Amino acid sequence: MNDCIYLDNNATTKIDDEVLAAMLPYLTIYYGNPSSMHTFGGQVGRVVREARKQVASLLGAQDSEIVFTSCGTEGDNAAIFAALKAQPDRRQIVTTQVEHPAVLNVCRYLEKQGFTVTYLSVNSQGQIDLDEVEAAMTGNTALVSIMYANNETGVIFPVEQIGQMAKEYGAIFHVDAVQAIGKVPLDMSNSTIDLLTLSGHKIHAPKGIGALYVRKGTRFRPLLIGGHQERGRRGGTENVAGIVALGKAAELAGQHLAEIDRERKLRDRLEQGILNTIANTAVNGHPTQRLPNTTNIGFKYIEGEAILLSLDQYGICASSGSACTSGSLEPSHVLRAMGLPYSILHGSIRFSLSRFTTEAEIDRVLEILPGIIDRLRELSPFNSDDADWLKEQEQAVLAK
Ligand code: PLP
């Protein structure tokens, strides 16, 4: 099972051997608490400081602006709640319809608490309309929370332009950069972003570690109230091994950025190979304003889950836009927001690469996939857009 072809790197990534080697001593030998007064704990405090420097360096931030968290979800929650507490007389949040549930479900919760949330729409290529962003903002906007890049399609939003608008309205600007980190260069020293979330397991560190960038001067209240750790911005004894891992992973991600074009070329090879050899396929999302490692492809007239199961039999890991929700196959909220037709909504697959992806793996997928699609289309009860059933299903989705 270990020699699978892993093209699901937006879900999680393999731990880099160098990252594992860096973190292991902090699980075995150096298990001290960084807050302890003794030398044994103190030496651990030193590596936490070093890791903070490594993460800050990847972001063009100051060390003191990095707060270690447990994951991207915690970072998003902490950012949103902190921004609202910082501006208690403002009651509106501006976000998008295509955020990760770590933002969307917090916003839905906050609506029930009396906040107003504006969910910006996207066009058929997954892009935001800047006029709509501007129109959404008012003097009551406490927070603008926008993802840097979408996890399903890889589409990149114009965050700096949005941040400029947020500043004009006096709103705090949070960016969920969980998918962008290590794939596009980020420079907080020249940015409108106040708060930025990242997560270790998307950049070859283990699960259970993340970080929140908090711009110096941004009013911040902790989500986890406890000890004085992280300068009082996040209580809880530090996950030292995870922090060391994140630091190393950030350092390696920074180095890898210089070679990101290799990943882009492999992604393009996969994408073009599929579009050229399999009929009725299309890329979901903007062709260029996209992460270099992601392609989301619609295979008309078949269920994405059936494609995934068939790929799995060949040891190929990818992901579908749909998630199984309470027994019914709900189409992806991202692809739905893009207004894609039913035949594509249900037959979309995300392939996401990493620096470990090889040309041989891409070629193997291109060798296997056409046969899988042919077979599934032969079995499919619908094979044209005119099928009555297809139309009915589409109406049902649109009516929701
Ligand atoms: N935000 C985005 C855009 C993501 O893709 C993810 C994870 O897939 C998260 C937040 C949540 O991160 P974590 O899994 O570390 O909680």
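Residues numbered from 1 in each chain as written. Predicted model: local features only at pLDDT ≥ 70, side-chain atom pairs only at ≥ 80, totals over all residues. Heavy atoms only, no water.

Novice: I keep staring at the side chain of Thr95 and nothing clicks. Help me out?
Specialist: With respect to the secondary-structure elements, Thr95 resides in strand β3 (residues 92-96). Residue Thr95 is classed as buried on the basis of its relative accessible area, which comes to 0%. Beyond its immediate chain neighbours, meaning those up to four positions away, Thr95 contacts Val103, Cys107, Val117, Thr118, Tyr119, Leu120 and Ser145. (Helix = DSSP H or I, 4+ residues; strand = E, 2+ residues; numbered from the N terminus. Buried < 20%, exposed > 50% of the residue type's maximum accessible area, 1.4 Å probe, protein only. Contact = heavy atoms within 4.5 Å.)

Novice: Sorry, what's going on with the pattern of salt bridges here?
Specialist: A side chain with one charge may pair with a side chain of the opposite charge, provided their charged atoms come close. Following the criterion strictly, the structure yields 14 salt bridges and no others. Asp16 serves as the salt-bridge partner of Arg355, at 2.8 Å between the closest nitrogen and oxygen. Of this pair, Arg355 sits in the loop between β15 (348-352) and α14 (359-379) while Asp16 sits in the loop between β1 (5-6) and α1 (17-23); the two residues are 339 residues apart in sequence, bridging distant segments of the chain. Here Asp194 ties to Lys167 by a salt bridge, and the two come within 2.8 Å at their closest N and O atoms. Of this pair, Asp194 sits in the loop between β6 (172-176) and β7 (195-199) while Lys167 sits in helix α7 (residues 159-168); the two residues are 27 residues apart in sequence, bridging distant segments of the chain. Shared partners join several salt bridges into a network, and the residues in it are Glu18, Lys248 and Glu251. (Salt bridge = Lys/Arg side-chain N within 4 Å of Asp/Glu carboxyl O.)

Novice: Which parts of the structure should I look at to understand the pairing of strand β2 (residues 66-69)?
Specialist: On any regular strand, side chains alternate: one points to one face of the sheet, the next to the other face. Along β2, one buried face is formed by Ile66 and Phe68 and the opposite face, lined by Val67 and Thr69, is buried too. Judged from the four bridges that link them, β2 and strand β8 (residues 210-214) form a sheet pairing that is antiparallel. The residue of β8 that forms the bridge with Val67 is Leu212. (Pairing = 2+ DSSP bridges.)

Novice: What's the story with unusual backbone geometry in this structure? I'm lost.
Specialist: Leaving glycine out, the prevailing phi sign among residues is negative, and the prevailing peptide bond configuration is trans. Even without being glycine, His204 reaches a positive phi, approximately 70 degrees. Mapping His204 onto the fold places it in the loop between β7 and β8. In this model, Glu230 sits at a positive phi of 50 degrees, which is unusual for a non-glycine residue. As for its placement among the helices and strands, Glu230 is situated in helix α8 (residues 229-232).

Novice: Honestly, the packing of helix α4 (residues 72-86) against helix α5 (residues 101-112) in this entry has me stumped. Any pointers?
Specialist: The description of two packed helices rests on the angle between their axes and on the distance between the axes. Viewed as axis vectors pointing N to C, α4 and α5 meet at an angle of 35 degrees, and their least axial separation amounts to 9 Å. For the crossing formed where α4 meets α5, the hand is right-handed. Contacts from Thr73, Asp76, Asn77, Ile80, Phe81 and Leu84 of α4 reach α5 at Ala102, Val103, Val106, Tyr109 and Leu110. Partitioned by chemical class, the residues of the contact of α4 with α5 number eight nonpolar, two polar and one charged. (Axes fitted to C-alpha atoms, helices over the stretch in contact; angles between N-to-C directions. Left-handed = near helix turned anticlockwise from the far one by under 90°. Nonpolar A, V, L, I, M, F, W, Y, C, P; charged D, E, K, R; others polar.)

Everything listed is a geometric property; what it means functionally is a separate question.
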